[in-house]
Amino acid sequence: IWDWMETYQERIKGQLRSLGASCDWSRYVFTMDPGPAHAVRVAFKHLYDKGLIYRGERIISWCPRCMTALSDLEVVHEDEQSFLWRLRYPLADGTGAIEVETTRPETMLGDTGVAVHPDDARYKQLVGKEVILPILGRRIPIVTDEIVDPEFGSGAVKVTPAHDPNDFEIGRRANLPAITVMNFDGTMNAEAGPFAGQAIEEARANVVKRLEADGALVGTEPYTHSVGHCDRCGSVIEPMISKQWFVNMQPLAKPAIEAARDGCIRFIPERFTGVYLNWMENVHDWCISRQLWWGHRIPIWYCDACGEVSATDQEALTACAACGSAEILQDPDVLDTWFSSGLWTFSTLGWPEKTPDLERFYPGHVLETGYDIIFLWVARMIFLGIEFLGEPPFKDVYLHGTVRDASGQRMSKTKGNVLDPTIITAEYGTDALRFALITASGPGNDLKMSTDRVVEARNFANKLFNATKFSLNAIAGAEIRRDESGAAAMPDGAALAVADAWVITRLHETIAEVTRQLDAYQLHEAGRSLYEFIWSEFCDWYIEAAKVRLYADEPDPAVPQTLAYVLERTLRLLHPFMPFVTEELWQQLPHPGEALIVAAWPETGETFTAQAEGFQAIMEAVRLIRNARAEQGVETARRIPAIVYPGASSDAYGSLRSELVSLARLDGDGLELRDGEPQAQEESVSIVSGSASIFLPLAGMIDVDAARARITREIELAEGEIDRANGMLANEQFVARAPANVVDGHRSKLAAATDRKALLQARLADLG
RNA sequence: GGGCGGUUAGCUCAGCUGGUUAGAGCGCUACGUUGACAUCGUAGAGGUCACUGGUUCGAGUCCAGUACCGCCCACCA
């Protein structure tokens, strides 16, 4: 171990030196920053002086391998198949025997009593008598205790105060001695008589054998019970009596409970409030001393001369505070790492000094962490924060789920299923990993992590990069107007083309939506909203539509202005999700201030409903034309003519004529916009899009059956809508009770579907 | 023993206060390199929202119960 430690220490020393840190190896404490170490001593001393930290001989959880005490939270219970042994303890007066049951026969060597329920009639006359402990022959009393369940087994229980928390309590109440029969290394000690020196497991088998031989074993039956294991090494935990340092939790828990009850602290998702409260309300005193070689050392000194025990906030005491003797020794134990971690919210800010940092940053607003450390860390930060600063360290606790591997297994180093973030980020980028993690699941829900998800996010970053590249190209030759902050100004409303007005409308809606989602801690939904807007709207539609005016003989200056405006605002929105890419790209664009990371959150703005609807009409027409082209097997590269009767959408078709040509790959010269009622066209495929009827003359290559099938299918869909809407509107209850906008929605839907059906039927008739 | 979560497309998951025909990515099918991007584009297939009952004009969404999966807490001798 020492060899290993030296190698390990040398390695860490090297790393720390390169960071400019110093280490004090004489005290086996790494000291990265003396501030927190000092804060830990101050905190300990404060609690000690207040009587909230005490040293006591108690039954604690002990790991025989790590050779240290553990807190309740470091013990993991697992169900294990074992046996329930029934033992017979003869009465000392020879008048009979009492039977007890146990899953730990070896602990009978430490039995100092037998307990029954005070109301158990079967044992009334036995209470106060003594039994002879088999093997050792010790005389031990029969006592009563409320905790004993008369229904379980024989209703009598052997009491081993030194090796069972329940028995410890029974023993304390009944004044039974505690006889420790095990050593701290997991072997039996001299009190175990003939079994001294044996390992616990070995002793168990031998005790059973011996009891059987002595006729004291009455029965054995298979039994499943929960066994505590060391969280760190997996060894079976032994309850042992030992002198340890504890925090008295009751006084600290009270205000921490109130803080969550009265809403000072809010958990997201809310259900974890109950989890927190349940733990806090039932919390046991906290064992904080550890017999480990790393950690903050307990700042307690013992005087050899006068026996004084004193806590200090100094790094070292040179003389006893009471008698002045120099013969003093520091407690060799260190603190539970969560004790110092619990002080984190203020020890990192210079506490106990009243520093400007502490003033400014305590309390914080939100803590973001995993739900698996609510007790270990969150709860402790809360009650320690309240104790030392008078108020909780944060208001909102946002909890994410556990990150699992692709098959749902919890990641662990021993299983080897951990995705190493340094490898992932090297391959896909930090932003990709971050975005993948944020959007993978909702608050408090576990997520299965695989590289597929990171690839998706990486592709998104790539998409954004390329969209910006395109935009920069467009902006390069243009003069971008800026607003007073220095950001690209909102394009002049009067000069806006329909496509510009549409994307600006969608941007402003997205700003409002993402802001709302972030305020509600729906981070994953906010991320998805941005993904949708950037990829499916800005890239797929706006950029494609913008190319027409950008590559025209006289480029429209509204395009670069719109690109600059939309992209700059969008990058601000996306920055929390992908900080590095967005910062880099933002720096290339006209922007206000020094850096995106300190830029203001964008504000929403004007929406242009009419233009947005116009553009959406064109989007639908484009989709339908593309669909018909695919259906008719028209090669992508081939430009085809079109005859359009726009109906009510004539404005949109007029102003977006070039965009329609470009996006649907039409033959520009062959596009005719006509007024009036749509007339059947020879050798054409027909489409009904909104109020528009579109004919694609495809002489000689029409698949009439496919065209007819499509129109028939669409008529059926329209009829479905008509039936549904009619059904709803015929329902008096619905019309009377549903909100007006919902009812109106169905009315306009019915009207649109009716018109659509008529137009479709006309086109079907054309086909003969 | 107590408490909590999940069950939606082949896979991984969204679906916020109940309101058009339930969405995304991956995968799948067919086409495709047009001057941001093949880490891409276009079109398409794919779901009785676990089950049963209830509330409601209306339920993936609210309530009750059932089944299965998972998690947390607990002094199960």
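Attention in this report is confined to the structure presented alongside it. Computed from a predicted model, the values in this text were never measured in an experiment.

Definitions and cut-offs
- Residues numbered from 1 in each chain as written.
- Chains lettered and ligands numbered in written order.
- Predicted model: local features only at pLDDT ≥ 70, side-chain atom pairs only at ≥ 80, totals over all residues.
- Heavy atoms only, no water.
- Phe/Tyr/Trp six-rings, centres within 6.5 Å; stacked < 30°, edge-to-face > 60°.
- Helix = DSSP H or I, 4+ residues; strand = E, 2+ residues; numbered from the N terminus.
- Buried < 20%, exposed > 50% of the residue type's maximum accessible area, 1.4 Å probe, protein only.
- Lys NZ or Arg CZ within 6 Å of the ring centre and 35° of its normal.
- Core = buried A, V, L, I, M, F, W, Y, C linked by side-chain atoms within 4.5 Å.
- Contact = heavy atoms within 4.5 Å.
- Pairing = 2+ DSSP bridges.
- Right-handed = clockwise from strand over helix to strand, strands pointing away.
- Polar contact = N/O pair within 3.5 Å; in protein donor to acceptor, adjacent residues only side chain to side chain.
- Salt bridge = Lys/Arg side-chain N within 4 Å of Asp/Glu carboxyl O.
- Axes fitted to C-alpha atoms, helices over the stretch in contact; angles between N-to-C directions.
- Near = heavy atom within 4 Å.
- Nonpolar A, V, L, I, M, F, W, Y, C, P; charged D, E, K, R; others polar.

**Observations regarding the packing of aromatic side chains**
The final tally for this structure, using the stated rule, is 27 aromatic pairs. Summarising the aromatic geometry, the rings of F346 and Y362 are spaced 6.1 Å apart at their centres and angled 80° between planes, so their arrangement reads as edge-to-face. Here the residue F346 occupies a position in helix 8 (residues 344–347), and Y362 occupies one in the loop between helix 9 (356–361) and strand 18 (366–370), the gap between them amounting to 16 residues. Both residues of the pair, F346 and Y362, count as buried. Clustering of aromatic rings is evident, with ring pairs tying together F44, Y48, W245, W286, F339 and F383. The cationic tip of R58 hangs over the ring face of F246; the distance from NZ or CZ to the ring centre is 4.7 Å. In this structure, R380 is placed above the aromatic ring of W286, and the distance from its NZ or CZ to the ring centre is 3.9 Å.

**Some points on the nonpolar core**
Core analysis: the biggest nonpolar cluster contains 88 residues, and F538, Y542, L574, F615, L660, L666 and L696 have the highest contact counts within it. In terms of residue count, the dominant contributor to this core is helix 15 (residues 523–550) (13 residues). Non-local contacts of L696, meaning those with residues more than four positions away in its chain, are made with I625, A628, I640, P641, A642, L666, E683, S684, V685 and I687. Counting 54 residues, the second-largest nonpolar core is a separate cluster that includes L47, I53, F339 and A379.

**Some words on the pairing of strand 19 (residues 396–400)**
Here strand 19 lies mainly inside the structure; 4 of its 5 residues are buried. One ladder, built from 3 bridges, connects strand 11 (residues 266–268) with strand 19; its direction is parallel. Looking at the pairing, I268 lines up with Y398 of strand 19. Note: strand 18 against strand 19, 5 bridges, orientation parallel. Looking at strand 19, one finds that G370 is bridged to H400. Handedness of the strand 18-helix 10 (residues 374–389)-strand 19 crossover: right-handed.

**Considering the pairing of strand 22 (residues 640–645)**
Taking burial as the measure, the 6 residues of strand 22 include 5 buried ones, the bulk of the element. Of the strand pairs in this sheet, strand 22 and strand 23 (residues 666–673) are connected by 4 bridges, and their pairing is parallel. Within the sheet, the bridge partner assigned to I643 lies in strand 23 and is E672. Bridge count for strand 22 against strand 25 (residues 692–697) is 3 bridges, and the pairing is antiparallel. Along strand 25, the bridge assignment pairs I643 with F695.

**Structural notes on the environment of D231**
Looking at the secondary structure, you find D231 in the loop between strand 9 (217–230) and strand 10 (238–247). Spatially, the C-alpha atoms of D231 and V75 are 5.4 Å apart, while their sequence positions differ by 156 residues. The residues contacting D231, other than those within four sequence positions of it, are E74 and V76.

**Observations regarding the side chain of S154**
Mapping S154 onto the fold places it in the loop between strand 7 (139–144) and strand 8 (156–159). Residue classification places S154 among the buried residues on the basis of a relative accessible area of 7%. A polar contact of 3.3 Å, which involves the side chain of S154, links it to the backbone nitrogen of A156. Not counting the four nearest positions on each side in its chain, S154 is found in contact with R86, E99, V100, E101, R122 and Y123.

**Overview of the sheet that holds strand 10**
Strand order in the open sheet formed by 4 strands is 2-1-10-12, and the pairing between neighbours is antiparallel. At either margin of the open sheet sits one strand with a lone partner, and together these are strand 2 (68–70) and strand 12 (286–287). Judged from the 3 bridges that link them, strand 1 (residues 53–63) and strand 2 form a sheet pairing that is antiparallel. Within strand 2, the position partnered with W62 by the bridge is A69.

**Brief notes about the pattern of salt bridges**
The full count for this structure, using the stated rule, is 40 salt bridges. For the salt bridge of R549 with D556, the shortest nitrogen-to-oxygen distance reads 2.9 Å. One network of salt bridges, with partners in common, ties together R104, E106, E201, R204 and E238.

**Notes on the sheet that holds strand 16 (residues 328–330)**
Remark on secondary structure: sheet strands pair via backbone hydrogen bonds, oriented parallel or antiparallel. Spatial ordering of the open sheet is given by 15-14-16, a layout of 3 strands whose pairing is antiparallel. Looking at the sheet topology across the chains shown, the edges are occupied by strand 15 (309–311) and strand 16. Adjacent strand axes in the sheet meet at a mean angle of 25°, parallel and antiparallel pairs treated alike. For strand 14 (residues 300–303) and strand 16, the ladder comprises 3 bridges, and the chain directions are antiparallel. Bridging across to strand 16, Y302 finds its partner in L329.

**Details of the protein's contact with RNA strand B**
Around RNA strand B there are 60 residues in total, and E101, E525, Y551, E721 and R737 lie nearest to it. Counted by atom, the contact set of RNA strand B within 4 Å of the protein is 63% sugar and phosphate. Contact between RNA strand B and T103: a sugar or linking oxygen at 3.0 Å from a main-chain N or O atom of the residue. A467 has a polar backbone atom sitting 3.3 Å from a base nitrogen of RNA strand B. Elements that contribute at least two residues to the surface near RNA strand B include exactly strand 4 (97–102), strand 9, helix 13 (451–476), helix 15, helix 18 (609–631), helix 21 (704–730), helix 22 (732–737) and helix 23 (740–766). Broken down by element, the surface near RNA strand B gets its largest block of residues, 11 residues, from helix 15. A class-by-class count of the residues in the surface near RNA strand B yields 19 nonpolar, 17 polar and 24 charged.

None of this, on its own, says anything about what the molecule does.
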